[in-house]
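# Report on the structure
Each chain, letter by letter, is given below.
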Amino acid sequence: MRELPIWGLMAEFTSAADLAIATRRAREAGYRRMDAYSPFGIEAVTEELGFHRTKVPLVCLIGGIFGGLAGFFLQYWIHVLNYPQNIGGRPLNSWVAFIVVTFECTILGASVSALLGMLALNGLPQPYHPVFNVPRFAFASKDRFFLAIQAEDPKFDIHDTFRFLEGLGARDVQEIPN
Amino acid sequence: MSTSAQIRDVTFTVPERWYRLERQSLIAGVAGAILCIIAAIVSPEHFLRGYLVAYMDWLALTLGSLAIICLIHVTTAQWGFAVRRILEAAARNISLLTLLFIPIAVGMTRLYPWAHPGADRDFLTHLQRPYLNPGMWILRAVLYFATWNISAWALSRWSWLQDSPPDHAYRRRFQNFAAAAIVMWGWTMTFASVDWMMSLDNHWRSTIYGFYVMAGQGLSGFAFVIIAAVLLWRYRPISEYLTITHLHDMGKLMFAFLILWAYQAFSQGLIYWAANLKDEVNWYVNRTTGGWWWVGIAIILLHFFVPFFLLLSQDLKRDTGKLIVLAAWMLVMRWVDLYWLIIPNFPDTKGHFTISWSALAATIGIGGLWIYAFLVNLKAHPLVPRHDPMIYRVIEAQEHGH
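Remember, predicted model here, so these are calculated numbers, not experimental data. (Residues numbered from 1 in each chain as written. Chains lettered and ligands numbered in written order. Predicted model: local features only at pLDDT ≥ 70, side-chain atom pairs only at ≥ 80, totals over all residues. Heavy atoms only, no water.)

### Re the overall build of chain A
- When helices and strands are counted, chain A shows five helices and four strands.
- Mapped from its N terminus to its C terminus, chain A presents α and β elements in the order β-α-β-α-α-α-β-α-β.
- Computed over its C-alpha atoms, the radius of gyration of chain A comes to 25 Å, more than 25% above the 16 Å expected for a compact globule of 178 residues.
- Once the C-alpha set of chain A is aligned to its principal axes, its extents read approximately 80 × 35 × 30 Å.
- Counting the 178 residues in chain A, one finds 35% classified as buried. (Helix = DSSP H or I, 4+ residues; strand = E, 2+ residues; numbered from the N terminus. Rg over C-alpha atoms; globule rule 2.2 N^0.38 Å. Buried < 20%, exposed > 50% of the residue type's maximum accessible area, 1.4 Å probe, protein only.)

Structure representation (structure tokens):
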């Protein structure tokens, strides 16, 4: 891949509504390689960015089922196969009593797989990202809203995109150094 | 469009189509009441059992609605804005249910073993006398109904006072009162479930029982409000303010109460199963032998597992057609669960499955009157509390595409 002189352009907005409108316009203008940054989640923006379903829920479900089965059969193996003992005349396979541990292991499996699945699928931890080269980007976690269009985007042209972003009512448009 | 223009534009009345439903439910209520009277003449004992099932079932919708109103106020939930008046209309039905409690109070000696003449010969009943005696039982019932009526009417009345003249000053009052009311619901319902349901077998006790019944009430409440909200969603003003995200949230909360209910039910079962003491475990033996076994299995599978796996799906919770069917199904299974809790308490039904026709008749009778009174309540006031400050957050969220 050719080395681009900059990573992209970043527009700064003062309200969530402006960011939502800007994202929709950018999408309508044909930009695809872009991302938005805001202090809180804005559903309209996520929809415009075309965030699709992630696979995390599926990973979580599989992890939960696996955890539950593992929890149950761990007890089954101990109490029925490996070390059977008569406890108060109850059946060896005391499944009612096994449910508690099965339930806890289901939650353990589901939550651990959700966490690891999320990290595996979103590429975190990521120690370096060019957007942080823009000093004002720190405000993305306070009260400012940013839209970044990457130079990789086929429609990207430093001058046109710059003017386009300015035309969206951005407070400021800055280059993102690589 | 500005926010105030949007608020003024809409009508706030119940759709006219619903007037027909009002007449139909009144006819069902009267027909059910006549069947109940016949059943009460034929066999008062069997009638009262069935009536208690129906009564607790509709009480669950009413108190569930009251608890959800409190939840909305305490958490200032956005999903609650468009459905609050629906819940208030349902919660005010507690006045109807106060009246409908009279047959149970009158028939107490036929229904509860500790109230039978000569019950004192049983030593345990003798020891329970300071708590389980008719006078105290009636006194407590009066206190429960007073608490619930005050809660439902106070929350409704302040809600109307918000309307005219427009007054935004109620938020703090709602929040404080609702916090107290939800705690009072916990207290009163714990005792009420012991008085009205658990004492049907006064040799058995369970400390989780009240919470178990209340989790069921929360579930009934959410199932009811989802049904009502989806049906009203076709019309203004609910269509203006209720969004799919709100329904999704209510679906999630119904899911949470389903899990909570199952958790209570299982915890109780596990403890008695593990202890395996003769006095305690008989309660389960009565409910798992002679045909009741299949009812129990049906509850585990159809009340918990099937709805649980269906509700895991986000698509289902955002599909109103499917969600309303599942909510209706939950109400059916709530009835089955109450039937399974109440009916196998009596000498001729312990370990012997029977169909209680009077339970069905009373469910239709109370239900008809309940829905009729609900619709009358709903008509009396605007369907949305349009001057609640929450409206600005709801509209803002809609503008951002929530």
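### As for the domain arrangement of chain A
- Each assigned domain of chain A is listed with its residue range as follows: domain 1 (6-53 + 130-177) and domain 2 (56-121).
- Computed from C-alpha coordinates alone, the two centres of domain 1 of chain A and domain 2 of chain A are separated by 45 Å. (Domains from an automatic or database assignment.)

### Focus: the interface of chain B and chain A
- Taken together, the contact between chain B and chain A spans 15 residues of the former and 14 residues of the latter.
- Roughly 1,200 Å² of surface becomes buried between chain B and chain A when both sides are summed, with 64% attributable to carbon and sulfur atoms.
- Summed over the shared surface of chain B and chain A, the result is zero salt bridges.
- On inspection of chain B and its partner chain A, the count reaches one residue pair in polar contact (both at pLDDT 80 or more).
- Elements represented by at least two residues in the side of chain B that touches chain A include exactly α13 (244-275) and α16 (314-317) of chain B.
- For the side of chain B that touches chain A, the element with the most residues is α13 of chain B, which contributes seven residues.
- Looking at the side of chain B that touches chain A residue by residue, the classes come out as seven nonpolar, six polar and two charged. (Contact = heavy atoms within 4.5 Å. Buried area = accessible area lost by both parts, 1.4 Å probe. Salt bridge = Lys/Arg side-chain N within 4 Å of Asp/Glu carboxyl O. Polar contact = N/O pair within 3.5 Å; in protein donor to acceptor, adjacent residues only side chain to side chain. Nonpolar A, V, L, I, M, F, W, Y, C, P; charged D, E, K, R; others polar.)

### Observations concerning the environment of Val 384 of chain B
All names here are of chain B.
- Looking at the secondary structure, you find Val 384 in the loop between α18 (357-379) and α19 (390-399).
- Judged by relative accessible area, Val 384 falls into the buried class, the value being 0%.
- It is 5.8 Å that separates the C-alpha atoms of Val 384 and Ala 82, two residues lying 302 residues apart in sequence.

### Let's talk about the packing of helix α3 (residues 44-75) of chain B against helix α9 (residues 134-161) of chain B
All names here are of chain B.
- In the contact formed by α3 and α9, the axes pass within 11 Å of each other and the chain directions differ by 50°. Here α3 lies oblique to α9, going by the angle between them. For the crossing formed where α3 meets α9, the hand is left-handed. Of α9, the residues touching α3 (which contributes Tyr 55, Leu 59, Leu 63, Leu 66, Ile 69, Cys 70 and His 73) are Phe 145, Trp 148, Ser 151, Ala 152 and Leu 155.
- Here the residues of the contact of α3 with α9 sort into 10 nonpolar, two polar and no charged. (Axes fitted to C-alpha atoms, helices over the stretch in contact; angles between N-to-C directions. Parallel < 35°, antiparallel > 145°, perpendicular 65-115°, else oblique. Left-handed = near helix turned anticlockwise from the far one by under 90°.)

### Some details on the nonpolar core
- Core analysis: the largest hydrophobic core is formed by 130 residues, its most contacted members being Tyr 55, Met 56, Tyr 112, Trp 148, Trp 196, Met 250 and Met 254 of chain B.
- When residues no more than four places from it in sequence are discounted, the contact partners of Tyr 112 of chain B are Leu 52, Ile 104, Trp 137, Asp 195, Trp 196, Ser 199 and Leu 200 of chain B.
- Formed by 25 residues, the second largest nonpolar core is a distinct cluster that contains Val 45, Phe 145, Leu 147 and Ala 151 of chain A. (Core = buried A, V, L, I, M, F, W, Y, C linked by side-chain atoms within 4.5 Å.)

### What about the confidence of the model for chain A?
- Scored by pLDDT, chain A comes out at a mean of 86, with 97% of its residues at no less than 70.
- Of all helices and strands in chain A, the one with the weakest mean pLDDT is helix α2 (residues 43-48) of chain A (77), whereas helix α3 (residues 56-82) of chain A scores best (95). (pLDDT = per-residue confidence, 0-100.)

### Points about helix α10 (residues 171-196) of chain B
Residue and element names in this part refer to chain B.
- The end-to-end C-alpha separation of α10 is 35 Å, in line with the 38 Å expected for 26 residues at 1.5 Å each.
- Residues of α10 that are buried: Phe 174, Ala 178, Ala 181, Trp 185, Gly 186, Thr 188, Met 189, Ala 192, Ser 193, Asp 195 and Trp 196.
- Structurally, α10 contributes buried residues whose contacts are with α3, α4 (84-91), α9 and α11 (209-232). (Expected span 1.5 Å × (residues − 1).)

### A short note on a positive patch on the surface
- A surface patch of positive charge is lined by Arg 17, Arg 20, Arg 23 and Arg 234 of chain B.
- Here Arg 234 of chain B is to be found in the loop between α11 and α12 (238-241). (Patch = residues over 30% accessible without salt bridge, like charges linked within 9 Å, V, L, I, M, F, W, Y side chains within 5 Å. Areas by Shrake-Rupley, 256 points an atom, 1.4 Å probe, with all protein chains shown as cover. Lys, Arg positive; Asp, Glu negative; His and termini not counted. Charge placed at Lys NZ, Arg CZ, Asp CG, Glu CD.)

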